[in-house]
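# Results of the structural survey
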Amino acid sequence: MAFPSSRPRRLRATPALRRLVAQTEVRPRNLVLPLFVKEGVTEPVPIGSMPGVVQHTRDSLRKAAAEAVTAGVGGLMLFGVPLRRDAVGSAGVDPDGVLNVALRDVRAEVGDATVLMSDTCLDEFTDHGHCGVLDADGGVDNDATLAVYAEMAVAQAASGAHVLGPSGMMDGQVRVIREALDAAGHAGTGILAYTAKYASAFYGPFREAVDSQLRGDRMTYQQDPSNARESLRELALDLEEGADMVMVKPATAYLDVLRTVADAVDVPVAAYQVSGEYAMVEAAAANGWLDRDRTILETLTCIRRAGADVVLTYWAAEVAGRLDHG
Ligand code: PBG
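The present account deals with the structure reproduced in this document. These figures come from a predicted structure and were not determined experimentally. (Residues numbered from 1 in each chain as written. Predicted model: local features only at pLDDT ≥ 70, side-chain atom pairs only at ≥ 80, totals over all residues. Heavy atoms only, no water.)

Turning next to the nonpolar core. Ranked by internal contacts, the top residues of the largest apolar core, which has 96 residues, are F36, L76, L78 and L258. L258 has contacts with V248, V269, A270, A271, I303, A306, G307 and A308, leaving out every residue within four places of it along the chain. (Core = buried A, V, L, I, M, F, W, Y, C linked by side-chain atoms within 4.5 Å. Buried < 20%, exposed > 50% of the residue type's maximum accessible area, 1.4 Å probe, protein only. Contact = heavy atoms within 4.5 Å.)

Right, dumping it as structure tokens:
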């Protein structure tokens, strides 16, 4: 063969050609911005391991939410950081707890202009930092936790969340939350199931973001990073229990799981680009070791390419602001 007859490079020759044939796009509407709100602060508190991300005051949260909506993000995911914690996470259930108050604030600010989501989990609210309540031996009590999640879910729906994100990895959590919502007149509130959530070291900076009290780890309830097959089992359960959307978390190190899940479902698929993924890129970029903006867009594009319709990312508002809306 003197010359190749097939020349893939032909379609790479100009920006216009590359744009014409690009298979995957990141649009503002695909991105969901996680936001932290802290009780009792008068100024936003920077999170050292997540440069550019803060624990918001009630006021700065409203402002950040409005700005993200203007930038065109598809949704917001709220996490609350309470002043007082106890063994059963009472502040998470309390209608006047920081997260429920913040949900009402943000819903009043942005209405239905974006999708308001809420973390439905106890770890921010417990004094031991676990995602559930503990049994007599100090283990996480699955079924006792479900009862608390049910109450929490109803409080969050009543506070204006459009979609709940139960992130605690208790067995049966989607079913219990669905039933509680329906019984309380919130049949229209959706559930974004944390279907495949791994016990990941990449959550490190998030622990600072929510002032986590956790000692130890979450290996008895979150998935072992070694396991792929198990995600299909979790997926089948979540769909059967009533999940409206399913999620894989973390994103970048779990793109194989994301692809497998995306190929198996007929509901929208999300992926969570977590705090450690954010921190790694920010740290390397700050050292001049990575081109920050290119790296960010590449990670998001690749997460979309692997099958995510929706990406939760701390860069959501920034990136949305840079992209064309639509
Ligand atoms: C638990 C929760 C965690 C994250 C989201 N929800 C922490 C954990 O499971 O330990 C991590 C998100 C991130 O790292 O960005 N409520």
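In the contact formed by helix α5 (residues 142-158) and helix α6 (residues 173-183), the axes pass within 9 Å of each other and the chain directions differ by 45°. By the angle between their axes, α5 is oblique relative to α6. Crossing of α5 over α6 shows right-handed handedness. Contacts from L146, Y149, A150, A153, V154 and A157 of α5 reach α6 at Q173, V176, I177, A180 and L181. The class makeup of the residues in the contact of α5 with α6 is 10 nonpolar, 1 polar and no charged. (Axes fitted to C-alpha atoms, helices over the stretch in contact; angles between N-to-C directions. Helix = DSSP H or I, 4+ residues; strand = E, 2+ residues; numbered from the N terminus. Parallel < 35°, antiparallel > 145°, perpendicular 65-115°, else oblique. Left-handed = near helix turned anticlockwise from the far one by under 90°. Nonpolar A, V, L, I, M, F, W, Y, C, P; charged D, E, K, R; others polar.)

Neighbouring the ligand are 17 residues; D123, R207, K249, S275 and Y314 lie closest to it. Side-chain polar atom of D123 to a nitrogen atom of the ligand: 2.6 Å apart, as the coordinates give it. Here an oxygen atom of the ligand sits 2.6 Å away from a polar atom, N or O, in the side chain of Y314. When the ligand sits alone it has 400 Å² of accessible area, and the protein chains cover 100% of it. Of the pockets mapped on this structure, the ligand occupies the largest cavity. Residue classes in the shell around the ligand are distributed as 7 nonpolar, 3 polar and 7 charged. (Near = heavy atom within 4 Å. Polar contact = N/O pair within 3.5 Å; in protein donor to acceptor, adjacent residues only side chain to side chain. Areas by Shrake-Rupley, 256 points an atom, 1.4 Å probe, with all protein chains shown as cover. 1 Å grid on protein atoms, 1.4 Å probe; cavity = no way out; pocket = protein on both sides within 12 Å on 5 of 7 lines; lining within 4 Å. Sits in = over half its atoms within 2 Å of the grid points.)

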